Amino acid sequence: LSLNAQGFGVHSSQSSDIERIDSILVKNIASKEQADKFGRLVIQDLGGRMMPVNTYSSELLRKLSKKDHYGQFDSNQVYLSMQESPLLWYSVPLIFLKSKKADSIRSIIGVPKDLKHASLVDFFTPTGEYKLGPYLEEAYRAAVPNAFQKEFRETDQRVNLLYNAVNGTTLKIFPLPNDENNTWISPSEDRYKEVVFVDSLYSNFINTGFKAYLIMLNEGKTTGEYKRADDILNAITETQNRYGSEVMLSDNKIDAEILYNKYDIFKSLFSWYLYISTILFIALIVQIFYRNKVINSIVGLSKYITYFFFGIHALGLIARWYISGHAPWSDGYESMIYVAWATMLFGIYFGKKSDLTLASTTFVTSMILMIAHWSWMDPAIANLVPVLDSYWLMIHVAVIVGSYGPFTISMILGIVSLILMLLVNKKNNEILGINIRELVLINEMSMTIGLVMLTIGNFLGGMWANE
């Protein structure tokens, strides 16, 4: 109420209002240390996956704003602040609007065209009417939505996501006792009243426990003493272990997932692979015409760095497998990072015979990882859909998707061979001819391996379907 009285939300996307909101956040938001403790709390998402709050908060921000932070605050701090001061976050510009195709939405909600993000309050009239409401029925009814309707759908989903977050309905941290589906609920849900018949003390804790944590946290900001807030967090974790032990995450899995989120290996690997492949390419082209110890050393060092990056890539896949509990090639994003790994694997194998093959493969691997991190790919770890919940996922999908690796190598080697052919002249005919023949031989070997894997994978797919 006090925020409304100060005028927030009337034109919250104005720069002066944004500055005032940010100044309030700086004074009131929890420290990173306290937010990190909150980030270790286990939560259940709408799909039923168990994860640390750290994962949920970073996914929430990415879906809302295309970033995993807001200003100087990380996702843990933002999500915790949403629970502490929900009214404030009605006025924070978090909802991403597409730069080119959202002019119509911008005009409807009344925000300047130069702003990429709108606040929740921008989508409502002073009387509480939803500004996008009149357009949504047609957008959701369309069997094949056009770009305009897709934009309305996506924006509406972001509005609902933020609305549910600031109202606490997404904070599902309390298990329902004796629930066959292992359902967890948030403190704001009325379903906690069902627990009264099982354990009235626990029901009361669901109703008041998290509120007490927020009070103690706020008190700690004044006194500098957070022991009471930490004790309540520990009590929540104990109740999770007691009533939700079947799906509760171990400390090791929580640590692994937070570490995975922190380093975001696959996103970083894109640029690492790109840099080293560029250096290796340049060095190899120079080496074809001019050999010396410096160039040879650069080539050798670049190869070893590439092997190191491949090892990190493999560790990232293993970590994702451990965190998710299933093979990391179950959706579009995971297929892309696995294809990138398979491409690099065969590139290293064939690279023993040709350094140009290794450089070409490293470059195309970086391109695959770049595509994997475009906005239409969702990197979030999710539970397996029922049709994929089978050991055949590890067998059929691994083989058939793995075949894309050698096929990708064949594609890039074909392109490199054509480029070298364009560079052939009387002076370099012999040396380039050797390199071209080398690439052609490796290309044929790569295509053969890809065809064999693809054929076997198709037969395995038929066996899976039959079973």
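Conventions and cut-offs
Counting restarts for each chain: residues are numbered from 1 in the order of the written sequence. Note on the predicted model: pLDDT of at least 70 is required for a residue's local features to be given, and 80 or more for side-chain atom pairs to be given and counted; whole-chain, interface and lining totals, by contrast, use all residues. As a convention, hydrogens and water are excluded, and side-chain values are obtained from all of the structure's heavy atoms. Numbering goes from the N terminus for both helices and strands, where a helix is a DSSP run of H or I of at least four residues and a strand is a run of E of at least two. Only protein chains enter the calculation, and the probe is 1.4 Å; a residue is then buried if its accessible area is under 20% of its type maximum, exposed if over 50%, and partly exposed in between. Residue contacts are counted whenever heavy atoms from the two residues lie within 4.5 Å of one another. Only the protein chains shown count as cover for residues, and all accessible areas are computed by the Shrake-Rupley method using a 1.4 Å probe. In this tally Asp and Glu are treated as negative and Lys and Arg as positive; neither His nor the chain ends contributes. By convention, charge coordinates are those of NZ in Lys, CZ in Arg, CG in Asp, or CD in Glu. Should a side-chain nitrogen of Lys or Arg be within 4 Å of a carboxyl oxygen of Asp or Glu, the pair is scored as a salt bridge. Stacked, tilted and edge-to-face are the three classes applied to pairs of Phe, Tyr and Trp rings, where Trp contributes its six-membered ring and a pair requires centres within 6.5 Å; stacked means planes under 30 degrees apart, edge-to-face means over 60, and tilted covers the rest. A ring is considered to have a charge above it if a Lys NZ or an Arg CZ atom is located within 6 Å of its centre and within 35 degrees of its normal. Picture the helix axis, draw a direction to every C-beta atom, and the arc is the one those directions span. For the purposes of these results, a polar contact is taken to be a pair of N or O atoms within 3.5 Å, where, inside protein, one atom must be able to donate a hydrogen and its partner to accept one; residues adjacent in sequence count only when each atom of the pair is a side-chain atom. Here an angle of 0 to 180 degrees is reported between the N-to-C directions of two axes, which are lines fitted to C-alpha atoms, with helices fitted over the stretch in contact. Angular relationships are summarised with four words: roughly parallel below 35 degrees, roughly antiparallel beyond 145, roughly perpendicular across 65 to 115, and oblique for the angles in between. Left-handed describes a crossing whose near helix is turned anticlockwise from the far helix by less than a right angle; the clockwise case is right-handed. Following the grouping adopted for this structure description, the nonpolar residues are Ala, Val, Leu, Ile, Met, Phe, Trp, Tyr, Cys and Pro, the charged ones are Asp, Glu, Lys and Arg, and the polar ones are all others, Gly among them.

Q: I keep staring at the overall build of the chain and nothing clicks. Help me out?
A: Along the backbone of the chain there are 19 helices and eight strands. Considering only C-alpha atoms, the chain reaches an extent of 80 × 50 × 50 Å along its principal axes. When each of the 467 residues of the chain is scored for burial, the buried share is 48%. Looking at the chain alone, contacts between residues at least 24 apart form 66% of all its contacts between residues at least 6 apart. Accessible area of the chain: about 23,700 Å², with a carbon and sulfur share of 60%. The average position of the 41 basic charges and that of the 44 acidic charges among the side chains of the chain differ by 9 Å.

Q: Teacher, can you tell me more about the pattern of salt bridges here?
A: Side chains that carry opposite charge are capable of pairing whenever their charged atoms lie near each other. Throughout the structure, instances matching the rule amount to 13 salt bridges. Put simply, Asp 255 and Arg 40 hold a salt bridge, and the shortest N to O gap is 2.5 Å. You can see Asp 255 sitting in helix H12 (residues 251-263) and its partner Arg 40 sitting in the loop between helix H3 (32-39) and strand S1 (42-44), a full 215 residues away along the chain. The exposure class assigned to Asp 255 is partly exposed, which follows from its relative accessible area of 38%. On the accessibility criterion, Arg 40 (31% relative accessible area) is partly exposed. Here Lys 303 and Asp 355 are joined by a salt bridge, their closest N and O atoms 3.1 Å apart. Here Asp 355 lies in helix H16 (residues 355-372) and Lys 303 lies in helix H14 (residues 293-324), a separation of 52 residues in the sequence. Judged by relative accessible area, Asp 355 falls into the partly exposed class, the value being 21%.

Q: Would you explain unusual backbone geometry in this entry?
A: A positive phi angle, close to 50°, is found at Asn 182, a residue other than glycine. With respect to the element layout, Asn 182 can be found in the loop between strand S7 (174-175) and strand S8 (184-185). Phi is positive for Asp 264, which is not a glycine, with a value near 45°. For Asp 264, the location among the structural elements is in the loop between H12 and helix H13 (265-289).

Q: Could you clarify how one ought to interpret the packing of aromatic side chains in this entry?
A: To describe a pair of aromatic rings, one takes the distance between the centres and the angle between the planes. Overall, the coordinates contain 23 aromatic pairs when judged by the stated rule. Ring geometry for Tyr 349 and Phe 350: centres 5.2 Å apart, planes at 65°, overall edge-to-face. Taken together, the aromatic side chains of Phe 38, Tyr 56, Tyr 79, Phe 210 and Tyr 213 make up a single cluster linked through ring pairs. For the cation-ring pair, Lys 253 lies above Tyr 322, with the distance from its terminal atom to the ring centre recorded as 5.5 Å.

Q: Any chance you could explain the environment of Leu 176 here in plain terms?
A: Locating Leu 176 in the fold gives a position in the loop between S7 and S8. On the accessibility criterion, Leu 176 (6% relative accessible area) is buried.

Q: Even after reading the chapter, I still don't get H3, so can you show me in this structure?
A: Along an α-helix, residues three or four positions apart point the same way, because every turn accommodates 3.6 residues. Of all the positions in H3, only Gln 34, Ala 35, Phe 38 and Gly 39 are classed as buried. Around the axis of H3, the buried residues are gathered within 150° of arc, so they sit on the same side.

Q: What's the story with the environment of Tyr 338 in this structure? I'm lost.
A: When you line up the elements, Tyr 338 lands in helix H15 (residues 332-351). The exposure class of Tyr 338 is buried, given its relative accessible area of 8%. Remark: the alpha-carbon pair of Tyr 338 and Val 397, spanning 59 residues in sequence, is separated by 10 Å. In terms of polar contacts, Tyr 338 uses its side chain to reach the backbone carbonyl oxygen of Ala 398, at 2.9 Å.

Q: Help me understand the side chain of Thr 183, please; the structure alone is not making it clear to me.
A: Within the secondary structure, Thr 183 is located in the loop between S7 and S8. Thr 183 has contacts with Gln 44, Phe 174, Pro 175, Leu 176 and Arg 191, leaving out every residue within four places of it along the chain.

Q: When you look at the packing of H15 against helix H17 (residues 392-402) in this model, what are you seeing that I'm missing?
A: Two measures define how a pair of helices packs: the angle their axes make with one another and the distance between the axes. Contact pair H15 / H17: the axes reach a minimum separation of 9 Å and the direction vectors enclose 60°. On the basis of their axis angle, the class for H15 and H17 is oblique. Considering the relative orientation of H15 and H17, their crossing is right-handed. Here Ser 335, Tyr 338, Val 339, Ala 342 and Phe 346 of H15 lie close against H17, whose contacting residues are Val 397, Ala 398, Val 401 and Gly 402. Of the residues in the contact of H15 with H17, the class split is seven nonpolar, two polar and no charged.

Q: Which parts of the structure should I look at to understand the side chain of His 117?
A: Inspection of the secondary structure assignment puts His 117 in strand S6 (residues 117-118). For His 117, a relative accessible area of 17% corresponds to the buried category. Looking at His 117, its side chain comes within polar contact range of the main-chain oxygen of Ser 65, at 3.1 Å.

Q: Just checking my understanding: could you explain the packing of H14 against H16 for this structure?
A: Packing of H14 against H16 brings their axes to within 11 Å, and their N-to-C directions diverge by 40°. When the interaxial angle is binned, H14 and H16 end up oblique. Crossing handedness for the pair H14 and H16: left-handed. From H14, Val 299, Lys 303, Thr 306, Tyr 307 and His 313 reach across to H16, where they touch Asp 355, Leu 358, Thr 362, Thr 365 and Leu 369. Its residues placed into classes, the contact of H14 with H16 shows four nonpolar, four polar and two charged.

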